[in-house]
Amino acid sequence: MTIKRELFSEDHDRFRDTVRRFLQREAEPNRERWEAQGAFDHAVFDAAGAAGILCPTVPEAYGGPGADPLYSAIVLEEAAPLSNFGLALTMHSEIVTNYMLHFGSEPLKQRYLPRMVAGDWVGALAMTEPAAGSDVKAIRTSALRDGEHYVLNGSKTFISNGTVCDFAIVAAKTEPTAAAKGVSLLIVDMNLPGANKGPPLKKIGLKSQDTGELFFADVRVPTTQILGEENRGFAYMMQELPWERLQIAISAVAAAEAAYSWTLTYVRDRRAFGQAVAEFQNTRFTLAELKTEITLGRTFVDRCLGLMLRGELDATTASMAKYWCSEMQGRVVDACLQLHGGYGFMAEYPIARAYVDARAQRIYGGTNEIMKELIARDL
Ligand SMILES: Cc1cc2nc3c(=O)[nH]c(=O)nc-3n(C[C@H](O)[C@H](O)[C@H](O)COP(=O)(O)OP(=O)(O)OC[C@H]3O[C@@H](n4cnc5c(N)ncnc54)[C@H](O)[C@@H]3O)c2cc1C
């Protein structure tokens, strides 16, 4: 990089080495098998727990290391180039964990967080439904009060960790006639009677990332499993979104950096018309453009990380980061694939996987059209 990163200490660098070695040892050798089965193995979470890379920010009182969010960013950055097993880790360690930490009752924190840190239990967040994605308040899954239980009915789709998860935070209407103000968040153990999972969904990319469907038929969820207050779920989701969106931006920049570095190596090695492909002016100009874009993304994301550490990252800025960095990632992987020629289209080359994996980044976490809506509301 032309601009030196200033956020990380030597302790952070040591942790980065640990994460990198873990992923090389546990994730990379299994990638092809996971891609074939459409999901990673639950056991990799036990290994991740044992390696100390799950839930970095969970306080010691709940079995975690109580580290700062830069440790979270490191996991995201290291996992991003590896056909995005990072989405599984981040969903568990950063998204589900934070809902639990910020809105869970003390008994819920005591029950779930230590098991999440250890990797015994894998978590998912289930908002999207077949007929409601961007418009979360239009969800139809209902949770109607019956004494000391909610009776949960409905279905969820596109859920990350959906077939492997042990429990899910489910967004449901506790007040079905209300819109946003009728949504609550329930922690649902997936072994409860009436809670079922579909098989892994077949996707064009992120193939080792588990994406599934959840079905709920008269599932009796104890009322103590609610996160925070009844009908406040939508507000809680809005509160969590800035960090969730910055996570996508962080992984976008890291994935773009990896694609750039693979391509630089490739074009220096590959020859055409008696010279290295790297020597053509078109190649040099393309790489110059990509390096500029990546540096812009990296600088903006690091600034956002700094704001996040101080509790100052606002929703609009996080939306800008998610939108611009995921679009930039798309431009970078496309140009890098082109510079690989036909080899770029071969599945065995990492750039081919990076190309298809990148596409989802513009869709999940709120589509980029929704990001522009949110940015425009703040003009
Ligand atoms: C790999 C993957 C993993 C995912 N993981 C999870 C998960 O763990 N949990 C979860 O709950 N969900 C998850 N999702 C779902 C994801 O968040 C939704 O797909 C996304 O929010 C879009 O919703 P939708 O698919 O229903 O599209 P729709 O909302 O139907 O959108 C269709 C198109 O309309 C556009 N559009 C919609 N509303 C507007 C508007 N107001 N203005 C302009 N354009 C608009 C969209 O941008 C899009 O282009 C995942 C999705 C994928 C692909």
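Our subject in this report is the structure included herewith.

Conventions and cut-offs
Residues numbered from 1 in each chain as written. Predicted model: local features only at pLDDT ≥ 70, side-chain atom pairs only at ≥ 80, totals over all residues. Heavy atoms only, no water. Helix = DSSP H or I, 4+ residues; strand = E, 2+ residues; numbered from the N terminus. Rg over C-alpha atoms; globule rule 2.2 N^0.38 Å. Buried < 20%, exposed > 50% of the residue type's maximum accessible area, 1.4 Å probe, protein only. Contact = heavy atoms within 4.5 Å. Areas by Shrake-Rupley, 256 points an atom, 1.4 Å probe, with all protein chains shown as cover. Near = heavy atom within 4 Å. Polar contact = N/O pair within 3.5 Å; in protein donor to acceptor, adjacent residues only side chain to side chain. Nonpolar A, V, L, I, M, F, W, Y, C, P; charged D, E, K, R; others polar. Disulfide = S-S within 2.5 Å. Pairing = 2+ DSSP bridges. Expected span 1.5 Å × (residues − 1). Phe/Tyr/Trp six-rings, centres within 6.5 Å; stacked < 30°, edge-to-face > 60°. Lys NZ or Arg CZ within 6 Å of the ring centre and 35° of its normal.

Observations regarding the overall build of the chain
Regarding its fold elements, the chain presents 11 helices and 9 strands. Its C-alpha radius of gyration of 21 Å places the chain within 12% of the 21 Å reference for a compact globule of 379 residues. Projecting the C-alpha coordinates of the chain onto the three principal axes gives extents of approximately 80 × 45 × 40 Å. Expressed as a percentage of the 379 residues in the chain, the buried residues total 53%. Within the chain, contacts between residues at least 6 apart in sequence are counted, and of these 75% link residues at least 24 apart. Accessible surface, the chain: about 16900 Å² in total, of which carbon and sulfur atoms supply 53%.

Things to note about the site of the ligand
Around the ligand, a shell composed of 16 residues is seen, among which Thr128, Ser134, Phe158, Thr367 and Glu369 lie nearest. At 2.9 Å, a backbone N or O of Met127 approaches an oxygen atom of the ligand. Thr128 is positioned such that a nitrogen or oxygen atom in its side chain is 2.7 Å from a nitrogen atom of the ligand. Contact with the protein chains removes 64% of the 980 Å² of surface that the ligand exposes when unbound. Among the elements that make up the shell around the ligand, the one with the highest residue count is strand β3 (residues 149-160) (3 residues). Within the shell around the ligand, the residues separate by chemical class into 9 nonpolar, 6 polar and 1 charged.

Points about unusual backbone geometry
Negative phi values dominate among residues other than glycine, just as trans dominates among peptide bonds. Of note, Cys55 is a non-glycine position whose phi angle comes to about 50°, a positive value. In this fold, Cys55 is placed in the loop between α3 (43-51) and α4 (69-79). Accessibility expressed as a relative area gives 0% for Cys55, which makes it buried. The phi dihedral of Asn161 is positive, around 70°, even though this residue is not glycine.

With respect to the state of the cysteines
Tallying each qualifying case throughout the model produces 0 disulfides. Just so you know, Cys336 is unpaired, no disulfide at all, and the nearest cysteine sulfur is the one on Cys325, 16 Å from it. Under the relative-accessibility criterion, Cys336 is labelled buried at 0%.

Concerning the pairing of strand β2 (residues 142-146)
As paired elements, β2 and β3 share 5 bridges and run antiparallel to each other. Within β3, the position partnered with Ser142 by the bridge is Asn153. Counting the residues in the hairpin turn of β2 and β3 gives 2 residues, including Gly147, whose phi is positive at 65°.

Re helix α8 (residues 281-309)
Between its terminal C-alpha atoms α8 stretches 42 Å, which fits the 42 Å expected from 29 residues at 1.5 Å a residue. In the stretch just after α8, Gly311 is the one whose phi turns positive, near 70°.

Section: the packing of aromatic side chains
By the definition in use, this model includes 9 aromatic pairs. In this structure an aromatic cluster arises from ring pairing among Trp34, Phe40 and Phe45. Here the basic side chain of Arg16 rests over the ring of Phe8, its NZ or CZ set 5.2 Å away from the ring centre. Sitting over the face of the ring of Trp324, Arg331 holds its NZ or CZ atom 5.6 Å from the ring centroid.

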